[in-house]
Amino acid sequence: MRTLPLRMLRALEQFHATRPWDHNAHYHRWILRRLPRRFDRALDVGSGSGDLAGLLASRAGAVHGVDADPTIVDRARELADPAAPVTFTVGDALKEVPPGPYDVITCVAAIHHMPFGDALTCFRRHLAPGGTLVVVGVYRRQSRSDHLLDAVAVPANVAMAWIKNRGRKAPRPVSMTAPARPATMTFADIVRDAHQALPGARLRRRLFWRYTLVWRRPAG
């Protein structure tokens, strides 16, 4: 988006400020399709307002969400279905995760807030044999491929904002109120470090300035 004329960039920023939509939630259903229909325990790292944890709870015996921001954790607790098997805590995901193992670990747009290699090592340690790790992350755009994907993502982003908000102005979703920071690692850096920590992990660039990582721990 840096290559767009300044006037167009400002117009896009104004459009999206009045018609926001959650790019991370866009991938929640995609995540569910990578998971078993039923599983025992799940951990959602960087659980935010609890949207994904609630979806996981429809398949799991128990789901635990952890997030470093106390305000968003309070909102997650308020919004959660009281009957759902889900709990939320405030904490450092690399130091204060309740002991596993977990059959499923998810992390959406949060891993760039942590030391990347340390986070993957922590997730691997807490994942049960045969368990599934799914990460949706953000990366620093640098390569030609990154910018070519931008050329598709920019108009698609406008279209999605219009469709999801039915053309009307709307407030920011609760899920978008948590503190955020920009990504520092390029996709190439992420792929290199991920393969070192999780041999066999599958990574792919995605629309809307995201990438996905899926890794299944060997059952043996």
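Along every chain, residues carry numbers that run from 1 in the direction the sequence is written. Residues qualify for local features only when their pLDDT is at least 70, as the model is predicted, and side-chain atom pairs are given and counted only at 80 or more; totals for whole chains, interfaces and linings, by contrast, use all residues. Only hydrogens and water are removed before side-chain values are computed, so all heavy atoms of the structure are retained for them.

**Comments concerning the pairing of strand E6 (residues 202-206)**
DSSP-based pairing: two strands are paired if at least 2 bridges between them are found. Labels follow the DSSP assignment, with helices taken as runs of H or I lasting at least four residues and strands as runs of E lasting at least two, numbered in each case from the N terminus. Pairing of E6 with strand E7 (residues 210-216) involves five bridges; the strand directions are antiparallel. Its bridge partner lying in E7, Arg206 is registered against Arg210. Here E6 folds back onto E7 in antiparallel fashion, the turn holding three residues, of which Phe208 has a positive phi close to 65 degrees.

**A look at the pattern of salt bridges**
Here a salt bridge means any side-chain nitrogen of Lys or Arg lying within 4 Å of a carboxyl oxygen belonging to Asp or Glu. Under the criterion given, the structure shown has four salt bridges. Between Arg77 and Asp74 there is a salt bridge, and its shortest N-O distance comes to 3.6 Å. Residue Arg77 and its partner Asp74 are both found in helix H4 (residues 70-79); the two are separated by three residues, about one turn of the helix. Throughout, exposure labels follow a simple rule: accessible area from a 1.4 Å probe, protein chains only, divided by the maximum for the residue type, with under 20% read as buried, over 50% as exposed, and the rest as partly exposed. On the basis of relative accessibility, which here comes to 40%, the residue Asp74 falls in the partly exposed class. Across the pair Arg192 and Asp189 runs a salt bridge, and its minimum N-O distance is 3.3 Å. Placement of the pair is Arg192 and Asp189 together in helix H7 (residues 187-197), with a separation of three residues, close to one helical turn. By sharing partners, the salt bridges in this structure join Asp189, Arg192 and Asp193 into a single network.

**Some points on the environment of Arg59**
The topology assignment puts Arg59 in the loop between helix H3 (51-57) and strand E2 (60-67). Between the C-alpha atom of Arg59 and that of Ser145, which follows or precedes it by 86 residues, the distance is 36 Å. What makes two residues a contact is simply this: any of their non-hydrogen atoms within 4.5 Å. Setting aside chain neighbours within four positions, we find Arg59 in contact with Leu32, Leu35, Pro36, Arg37, Arg38 and Phe39. As used in this structure description, the phrase polar contact means that two N or O atoms lie within 3.5 Å; if the pair is within protein, one of them must be able to donate a hydrogen and the other to accept it, and residues adjacent in sequence are counted only when both atoms belong to side chains. One polar contact links the side chain of Arg59 to the main-chain carbonyl oxygen of Leu35, over a distance of 3.3 Å.

**Focus: the packing of aromatic side chains**
The geometry of an aromatic ring pair is captured by two quantities: the separation of the ring centres and the angle between the planes. Think of it this way: a Phe, Tyr or Trp ring, Trp meaning its six-membered ring, pairs with another when their centres are within 6.5 Å, and the plane angle makes it stacked under 30 degrees, edge-to-face over 60, tilted otherwise. Scanning all chains against the criterion turns up four aromatic pairs. Site record: aromatic cluster; members linked through ring pairs are Tyr139, Phe187 and Tyr211. Throughout this description, the term charge over a ring refers to an Arg CZ or Lys NZ atom that lies within 6 Å of the ring centre and within 35 degrees of the ring normal. Stacked on the ring of Tyr102, the Lys or Arg Arg41 has its end atom at 4.5 Å from the ring centre.

**Some details on the environment of Leu213**
Its location among the elements puts Leu213 in strand E7. Accessibility expressed as a relative area gives 0% for Leu213, which makes it buried. If sequence neighbours within four positions are ignored, Leu213 has contacts with Leu120, Leu133, Val134, Val135, Ala194, Leu198, Ala201, Arg202 and Leu203.

**Some remarks on unusual backbone geometry**
Omega for the bond connecting Gly100 with Pro101 falls within 30 degrees of zero, at 5 degrees, which places this linkage in the cis form. As for its placement among the helices and strands, Pro101 is situated in the loop between strand E3 (86-90) and strand E4 (102-108). The backbone of Phe208 shows a phi angle near 65 degrees, a positive value even though the residue is not glycine. Along the chain, the position of Phe208 falls in the loop between E6 and E7. Of the residues examined, Phe208 reaches a relative accessible area of 3% and is grouped as buried. Located in the positive-phi region is Trp209, a residue other than glycine, with phi close to 60 degrees. For Trp209, the location among the structural elements is in the loop between E6 and E7.

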